[in-house]
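Fold and contact review
Next come the chains, spelled out residue by residue.
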Amino acid sequence: MSEPTAAPVPCARAFLHAIVWGEHTAVWDLLSEAGRTTVLSVAVGQGLDRVVARRMRDGLADPADRDDFLRRLLEGLRRDLRSVELGKLTVDPVATPAEAGRVVVEMQVPSEIPGTGPWPAGRIVLGRDTAGGWGVDRLEPRLVTP
């Protein structure tokens, strides 16, 4: 895993950047332990072999399996955000405290309607990791419409 991100907003921004620019390994690196567990649980439910999932969790997966899995993860995250133009997506500069040890960073897209502010596009929920940094627990997209 990469170095922990000291603050939640830069972590959320880096996660969003990785999704937008197709940096599938960075997406994995920015997930918290809880985020990785959730992703792997969903993948097993959709047919990922449990042995491959365990190897992914432990960092021991075959490079080809890992690359394939991470590309599919990225595709899924992009599909979740299909209601917005990815290149215009931003994060709010302020993290809001959530349950203990977690914060929420709102995602936004600019409004095309003059005189209105940005539209909420969803949330990135982040949690503290064991090294004291932040990692992404989950992405909660929201359908964006005027």
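Coordinates for the structure precede this section.
Here the structure is a predicted model, which means the values were calculated and not measured.

1. A closer look at the overall build of the protein
Each helix and strand counted, the protein has five helices and five strands in total. Ordered by position from N to C terminus, the α and β elements of the protein give α-α-α-α-α-β-β-β-β-β. Here the protein has a C-alpha radius of gyration of 16 Å; the compact-globule value for 146 residues is 15 Å, and the two agree. Projected onto the principal axes, the alpha-carbon positions of the protein cover approximately 55 × 30 × 25 Å. For the protein, the residues scored as buried account for 40% of the 146 residues in total. A sequence separation of at least 24 residues applies to 52% of the contacts in the protein between residues at least 6 apart. As displayed, the protein offers around 8300 Å² of accessible surface, 53% of which is attributable to carbon and sulfur atoms. Taken together, the 18 basic and 20 acidic charged side chains of the protein have centroids lying 3 Å from each other.

2. With respect to the pairing of strand β3 (residues 102–109)
Along β3, six of the eight residues are buried, which leaves the element largely enclosed by surrounding structure. Taken together, the two bridges between strand β1 (residues 90–91) and β3 define a ladder with antiparallel strand orientation. Along β3, the bridge assignment pairs T90 with Q108. Sheet topology note: the strand β2 (residues 96–97)/β3 ladder contains two bridges and is antiparallel.

3. Examining the layout of surface pockets
Counted as a void, the largest pocket has a volume near 710 Å³. Taken together, 26 residues line the largest pocket, and the ones lying closest to its centre are V39, V42, A43, Q46 and L73. Mapped by element, the contributors of at least two residues to the lining of the largest pocket are α3 (33–45), α5 (63–80) and β5 (134–141). With 10 residues, α5 is the largest single contributor of residues to the lining of the largest pocket. When grouped by side-chain class, the residues that make up the lining of the largest pocket number 13 nonpolar, five polar and eight charged.

4. Looking at the pairing of strand β4 (residues 119–128)
With eight bridges connecting them, β3 and β4 associate as antiparallel partners. Paired with V103 across the strands is L126, a residue of β4.

5. What about the packing of α3 against helix α4 (residues 50–58)?
Between α3 and α4, whose axes approach to 10 Å, the crossing angle comes to 165°. By the angle between their directions, the pair α3 and α4 is classed as roughly antiparallel. The way α3 lies across α4 gives a crossing that is right-handed. Side by side, α3 and α4 meet where E33, L40 and V44 of the first sit next to R50, A53, M56 and R57 of the second.

6. Here we look at the packing of aromatic side chains
Evaluated as defined, the whole model comprises one aromatic pair. Geometrically, the ring pair formed by W28 and F69 is edge-to-face, given 5.9 Å between the ring centres and 85° between the ring planes. Of the two residues, W28 is situated in helix α2 (residues 24–30) and F69 in helix α5; the sequence distance between them amounts to 41 residues. Take F69: its relative accessible area is 9%, and that puts it in the buried class.

What counts, and at which threshold
Per chain, residue numbering runs from 1 following the sequence as it is written. Side-chain atom pairs in this predicted model are given and counted only at pLDDT of 80 or more, local residue features only at pLDDT of at least 70, and totals for whole chains, interfaces and linings cover all residues. The side-chain numbers reported here are obtained from all heavy atoms of the structure, hydrogens and water having been left aside. Counting from the N terminus, the helices are the DSSP runs of H or I reaching at least four residues and the strands are the DSSP runs of E reaching at least two. Our radius of gyration looks at C-alpha atoms and nothing else; its globule reference is 2.2 Å times the residue count to the power 0.38. Three exposure classes are used, based on accessible area relative to the maximum for each residue type with a 1.4 Å probe and protein chains only: buried under 20%, partly exposed in between, and exposed over 50%. The contact criterion used is simple: two residues touch if any of their non-hydrogen atoms lie within 4.5 Å. In these tables, accessible area is a Shrake-Rupley quantity obtained with a 1.4 Å probe, and a residue counts as shielded only by the protein chains included in the view. Positive charges come from Lys and Arg alone, negative charges from Asp and Glu alone, with His and the N- and C-terminal ends not counted. Lys charges are placed at NZ, Arg charges at CZ, Asp charges at CG and Glu charges at CD. Pairs of strands are assigned from DSSP output, requiring at least two bridges between the strands. Both site types are read off a 1 Å grid over the protein atoms alone. A 1.4 Å probe that fits but cannot get out defines a cavity, while an open set with protein on both sides within 12 Å along at least five of seven lines defines a pocket; lining residues have an atom within 4 Å of a point. Grid points are joined across faces, edges and corners, and a volume is the space filled by probe spheres set on the points. As a working rule, the residues Ala, Val, Leu, Ile, Met, Phe, Trp, Tyr, Cys and Pro are called nonpolar, Asp, Glu, Lys and Arg charged, and the rest polar, with Gly in that last group. Structural elements are reduced to axes, namely lines fitted to C-alpha atoms, with helices fitted over the stretch in contact, and the angle between N-to-C directions of any two is expressed from 0 to 180 degrees. Roughly parallel covers angles under 35 degrees, roughly antiparallel covers those over 145, roughly perpendicular covers 65 to 115, and oblique covers all other angles. Two helices that cross are described as forming a left-handed crossing if the nearer one is turned anticlockwise from the farther one by less than a right angle, and a right-handed crossing if clockwise. By convention, a stacked pair of Phe, Tyr or Trp rings (six-membered ring in the case of Trp) has centres within 6.5 Å and planes under 30 degrees apart, an edge-to-face pair has planes over 60 apart, and any other such pair is tilted.

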